[in-house]
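Observations on chain architecture
Below are the chains, spelled out letter by letter.
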Amino acid sequence: MDHESSRRPLADHARALATLVGPALASARRTLSVAPSAVLSAARDAASRPRVLVTDAAAATHLPGFDNSQMDGYAVRAADLAGATPSDPVELPVTAPVPAGTQPSPLGPGAAAPVMTGAPIPDGADAVVKIEDADPPAFPEPGADATVRFSTPVAPGAFVRRAGSDVAAGDVVVPAGTPLGPAQLGVLVAAGVTEVDVAEPPHVLLVSTGSELVAAGEPLGPAQLYDANGAMLTAALAQVGVRTTHRVVPDDPAALRAVLVDAPEDVALVVTSGGVSAGAYEVVRQTLTDAWFGHVAVQPGGPQGLGTIAVGPVEARREVPLVAFPGNPVSALVSFELFLRPVLATATGAGPTLRPRGRAPLAEPVDSPAHLHQVRRGRLDADGRVEMVGGPGSHLLAHLAAATLLVHVPPGVAHLDEGDDVDYWEIR
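Residues numbered from 1 in each chain as written. Predicted model: local features only at pLDDT ≥ 70, side-chain atom pairs only at ≥ 80, totals over all residues. Heavy atoms only, no water.

1. So, the overall build of the chain
Here is the rule: Secondary structure counts use DSSP, requiring at least four H or I residues in a row for a helix and at least two E residues in a row for a strand, with both numbered from the N terminus. With C-alpha atoms as the basis for the radius of gyration, the globule rule is written as 2.2 Å multiplied by the number of residues raised to the power 0.38. Burial classes: relative accessible area under 20% of the type maximum marks a residue as buried, over 50% as exposed, and values in between as partly exposed (1.4 Å probe, protein chains only). In what follows, residue pairs with any heavy atoms lying within 4.5 Å of each other are defined as contacts. All accessible-area figures derive from a Shrake-Rupley calculation using a 1.4 Å probe, and residue coverage is judged against the displayed protein chains alone. In summary, the charge assignment counts Lys and Arg as positive and Asp and Glu as negative, without counting His or the chain termini. We put the charge of a Lys on NZ, of an Arg on CZ, of an Asp on CG and of a Glu on CD.
Helices and strands together make up the secondary structure of the chain, namely eight helices and 29 strands. Here the C-alpha atoms of the chain give a radius of gyration of 32 Å, more than 25% beyond the 22 Å that 2.2 N^0.38 yields for 428 residues. Evaluated residue by residue, the chain yields a buried proportion of 44% over its 428 residues. Of the contacts made within the chain by residues no fewer than 6 positions apart, 71% connect residues no fewer than 24 positions apart. When the accessible area of the chain is evaluated, it comes to approximately 19700 Å², of which 55% is carbon and sulfur surface. In the chain, which carries 28 positive and 46 negative side-chain charges, the distance between the mean positions of the two groups comes to 6 Å.

2. Some points on unusual backbone geometry
As a rule of thumb, non-glycine residues mostly have phi less than zero, and peptide bonds are mostly trans rather than cis. Across the junction of Asp135 and Pro136, the peptide omega takes the value 5°, indicating a cis bond. In the segment running from Gln299 into Pro300, the intervening peptide bond is cis, with an omega of -5°. Residue placement: Pro300 occurs in the loop between β20 (298–299) and β21 (303–311). The backbone of Ala223 sits at a positive phi, close to 60°, despite the residue not being glycine. In this fold, Ala223 is placed in the loop between β15 (213–214) and β16 (225–226).

3. Quick word on the packing of helix α1 (residues 10–25) against helix α7 (residues 329–348)
Applied cut-off: Helix axes are fitted only over the stretch in contact, all axes being lines through C-alpha atoms; the angle between N-to-C directions runs from 0 to 180 degrees. Helix crossings are classified by the rotation of the near helix relative to the far one: an anticlockwise turn of less than a right angle makes the crossing left-handed, while a clockwise turn makes it right-handed. Residues are sorted three ways: Asp, Glu, Lys and Arg are charged, Ala, Val, Leu, Ile, Met, Phe, Trp, Tyr, Cys and Pro are nonpolar, and all the rest, Gly among them, are polar.
Running from N to C, α1 and α7 point in directions that differ by 35°, and their axes come no closer than 9 Å. Judged by the sense of rotation from one axis to the other, the crossing of α1 with α7 is right-handed. Mapping the contact onto sequence places Leu10, His13, Ala14, Leu17, Ala18, Val21, Gly22 and Leu25 in α1 and Leu338, Phe339, Leu340, Val343, Leu344 and Ala347 in α7. Split by residue class, the contact of α1 with α7 holds twelve nonpolar, two polar and no charged.

This is the structure we're talking about:
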């Protein structure tokens, strides 16, 4: 088998990663209170670290809990207004008003009760006439003897919000898999739900490998580089609701093993950058011999690793998934976008699982290796055409920072002309 045909297709690698990582992220959960005393804390928590429900939340009460008025107006019996016309209006005596939060007396035939928006519909009434459609179009003073005239019939049910018309007691009000945001918190409280089971934000151990790496702000020595991958992937993980512990290790298997032994006890996933190719100093590949390491048919980001890895001390060692990205910065971030971000976004609910996508004509011709899925960096010009930002090189980090799109040229395509349509993902 030749080298090119042995490359794993992009879609196959994405599926393999999701199959390995997805179940590990779904295991951590906790009960979150949405009772009135805790709702503000829950709202702050959901805003800063999105939560996803792991079990259906069922309504404890009808929503609305009772028949109520959609408008300020008069609660009436529709049959009493059946013969109303402008030339022969129906005149009814006005009974006691019904403000919101009060339980009204039943409404007998031939009467009209002033009712406020959200207030209960009196028993016996079956419709509401807007105050603007009454004569006079204003409520009488409380306690005054008054009548009101109606010049048109009203249909039964007009402007009445029926109990349970939004959610009935026992119905699923927020299904499992839904991110818990402001609207979801609101409907849970309104429906009488006090507790929900939510997924815990996964904790990722992020390891930048390379003896050449120096932390940001430290002085650079000869042949050294700042650790861009650590900052970049930490930020990318945070955007999808993930907690991160970051470490930098040299090209020394003992140093990598020590970091794995000292991993926090709740780490659900290990992500590494660098050390996955077939060279002499590929520390991840040399240390983690049980994982799969190979090439995916994509540019950039060809070298990849995937498997399980032991973390923690010997007496408490456990296996967690390993996702190993290449070390070139553009390769690392493009790999994250292609393979890991969708799985994490699904688990945490932080943003859409898929990036916004589109298709537009090219502003310039593009060449691509026909055996690879090439991912170029680009942006839309003033005419809505896709223009490239920089070349295909995996070291062009400044060009990636200036781009707003990941532009996809599928395998089997060696050249696209100006004006040819191309698919893209929006990355900001």
